[in-house]
Amino acid sequence: MENKPFIHLLKSTFGYYVYDVNTNQIIAVSEDVYKYLDGDNFLPDINTQRSVKQLIEDGYLKEDHVMISEHPVSEYYSSYLKHKLSHITLQVTQKCNLNCEYCVYSGNYYNRQHSDKQMKWDVAQKAIDYLIKNSQETEQIAVSFYGGEPLLEFELIRKCVEYVEREAEGRKVFFNFTTNGMLLTDEKIPFLVEHNIRILISIDGSKNIHDKHRKFSNGNGSFDIIIRNLDKIKKSYPEYCNKMISFNTVMDPTNSFDEVSRFFKNSTLFDNMAFLSSTISDNYAKNKMEYSEKFIEESEYEVFKLFLWKLGKIEMQYVSPLVLNYFLTHKRIAKMMDYHQKSIASKNHRGGPCLPGVKRLFVSVDGNFFPCERVSETSGATSLGNINQGINLQKALELLNIEKKTSEDCRKCWAYYYCSICVSQADDGEEISKEKIKILCDKVRKQVEQELLDYIALKELGYKYELDY
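Residues numbered from 1 in each chain as written. Predicted model: local features only at pLDDT ≥ 70, side-chain atom pairs only at ≥ 80, totals over all residues. Heavy atoms only, no water.

**Q** Before we go on, may I ask you to explain the packing of aromatic side chains in this structure?
**A** Given two aromatic rings, their pairing is described by the distance between the two centres and the angle made by the two planes. Per the counting criterion, the structure on display carries 26 aromatic pairs. Between F154 and F191 the ring centres are 5.7 Å apart and the planes differ by 90°, which places this aromatic pair in the edge-to-face class. Separated by 37 residues along the polypeptide, F154 in helix α5 (residues 154-167) and F191 in helix α6 (residues 189-194) bring together distant segments of the chain. A residue is classified by how much of its surface remains accessible, and F154, at 7% relative accessible area, is buried. For the ring pair F270 and F275, a centre distance of 6.1 Å and an interplane angle of 50° mean the geometry is tilted. Each member of the pair F270 and F275 is classed as buried. Three or more aromatic residues link up through ring pairs in this structure, and these residues are F223, F247, F263, F264, F270 and F275. Here the guanidinium or amino end of R158 rests over the ring plane of F191, the centre of that ring lying 4.9 Å away. One residue, K188, lies across the ring of F154, its end atom 5.7 Å from the ring centre. (Phe/Tyr/Trp six-rings, centres within 6.5 Å; stacked < 30°, edge-to-face > 60°. Helix = DSSP H or I, 4+ residues; strand = E, 2+ residues; numbered from the N terminus. Buried < 20%, exposed > 50% of the residue type's maximum accessible area, 1.4 Å probe, protein only. Lys NZ or Arg CZ within 6 Å of the ring centre and 35° of its normal.)

Printed below as a string of structure tokens:
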């Protein structure tokens, strides 16, 4: 074509497609139209020319690109920070009773290590007051407790929960924390049940797999203790267990995916329980993580079975619980494509950044503010302020508008809407790094392309997304 449209071409066993960036829609096309749009010197016949003309008349194949890199809420961000905060995470301690090898505090990462620091009550109180004061336009608020191991500071958690319930009386409040499960004792559980505190428990699989990484400082594994505690909770509080407890599984990609999956599927202890799963993170890590071919093949097969279940071809019992959250990506794509737009806005911002200091706010043991718990606490690049001075608006705007670091490249990128690169991945320890972002770009584009192809496959096979707004 004489003028190059802002599109990305997709090909699968189902046919040929155009992802039109301006309208954020996927259109099925003929092979000849695909070849013509691909620009490989294909000479179109009259039918191909008519098809392309029809696409243009229907509002597709525009050349429009973003002209100014600026997040849509930038103009109102000061007001957002003062009125729309919805979630704080309190780092109640940097101590832990385990010494897990892949933990960000293990010493195997550049940005953190365990210490004896713990949050003082006055710091927690000021953080909670900050949440309540700056969340008046938010329907519900949430407080998370983070470590180290949060339950080492159970009395502080108790005090925080009671204070929030008193000071935010009449408002909808959620509490949650992630734990290694070692301290889920008979003395603590009744309080957690009484206050409907959600718990995400870390367990990585069978005894040999779990104990490979999740162990005490003396080298002993933690599997037997966590199973014993889980068994007691399920017997004593079955309803709470089913509604308020879920599991976090960190996969070692040098292990067998199948072995981990079989353990959870075959144990009645995990029946009807929700799972989050991820692989060991190498962000800020001293050593990069390698994936075995076996792990990749087995995990991809489980995703395939997930799709078969969604299409009604197999029963849910044959699907690994570890891949169920993978489908959330496809629901997000379906939601975005359900919103029909004519063209990309001239002033816009790629996907990736959250709303730092609004959607969530991480408060360190010392009362310093960061966008979330995934970022480095030792880098000035991600610091947002503190409990005494509040949030630095200029710094928050810089993190919100991360696209400005690579604006020329971002505006040309077909994966603009679906980019997932955030500040935690772009931080080099001193600043938000243009080089780190660009290194990740190809990986993100490949991931987005696969997600779009999966989305196409499900749609072609008749799957109807149920979109909850």
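**Q** What is the right way to read the nonpolar core from this model?
**A** Formed by 119 residues in total, the largest nonpolar core has its most connected members in L90, F145 and L192. Element by element, the count of residues in this core is highest for helix α16 (residues 434-460), at 8 residues. Apart from residues lying up to four places away in sequence, L192 is in contact with F154, F177, L184, I197, I199 and Y240. Membership of the second largest hydrophobic core comes to 11 residues, among which are V29, L37, V52 and L55. (Core = buried A, V, L, I, M, F, W, Y, C linked by side-chain atoms within 4.5 Å. Contact = heavy atoms within 4.5 Å.)

**Q** Looking at this model, I keep getting lost on the environment of N180. Mind explaining?
**A** Relative to the elements of secondary structure, N180 occurs in the loop between β7 (172-179) and α6. Using a relative accessible area of 4% as the deciding quantity, one classes N180 as buried. Separated by 125 residues in sequence, N180 and L55 have C-alpha atoms that sit 55 Å apart. Ignoring any residue separated from it by four or fewer positions in sequence, one finds N180 in contact with C96, N97, L98, E149, S202, R214 and I226. Here N97 takes part through its side chain, which lies 2.9 Å from a polar atom of the side chain of N180. (Polar contact = N/O pair within 3.5 Å; in protein donor to acceptor, adjacent residues only side chain to side chain.)

**Q** I tried to follow the pairing of strand β5 (residues 87-91) on my own but got confused; where do I start?
**A** Along any regular strand the residues' side chains alternate between the sheet's two faces. Burial runs high along β5: 5 of the 5 residues are buried. Judged from the 5 bridges that link them, β5 and strand β6 (residues 140-146) form a sheet pairing that is parallel. Opposite H87, over in β6, you have A142 as the bridge partner. Two elements, β5 and strand β12 (residues 361-363), share 3 bridges in a ladder whose sense is parallel. The residue of β12 that forms the bridge with I88 is L361. (Pairing = 2+ DSSP bridges.)

**Q** I keep staring at the side chain of Q94 and nothing clicks. Help me out?
**A** Mapped onto the elements, Q94 comes out in the loop between β5 and α4 (121-133). Relative accessible area serves as the criterion here: at 9%, Q94 is assigned to the buried category. For Q94, the side chain forms a polar contact with the side chain of Q91, separated by 3.5 Å.

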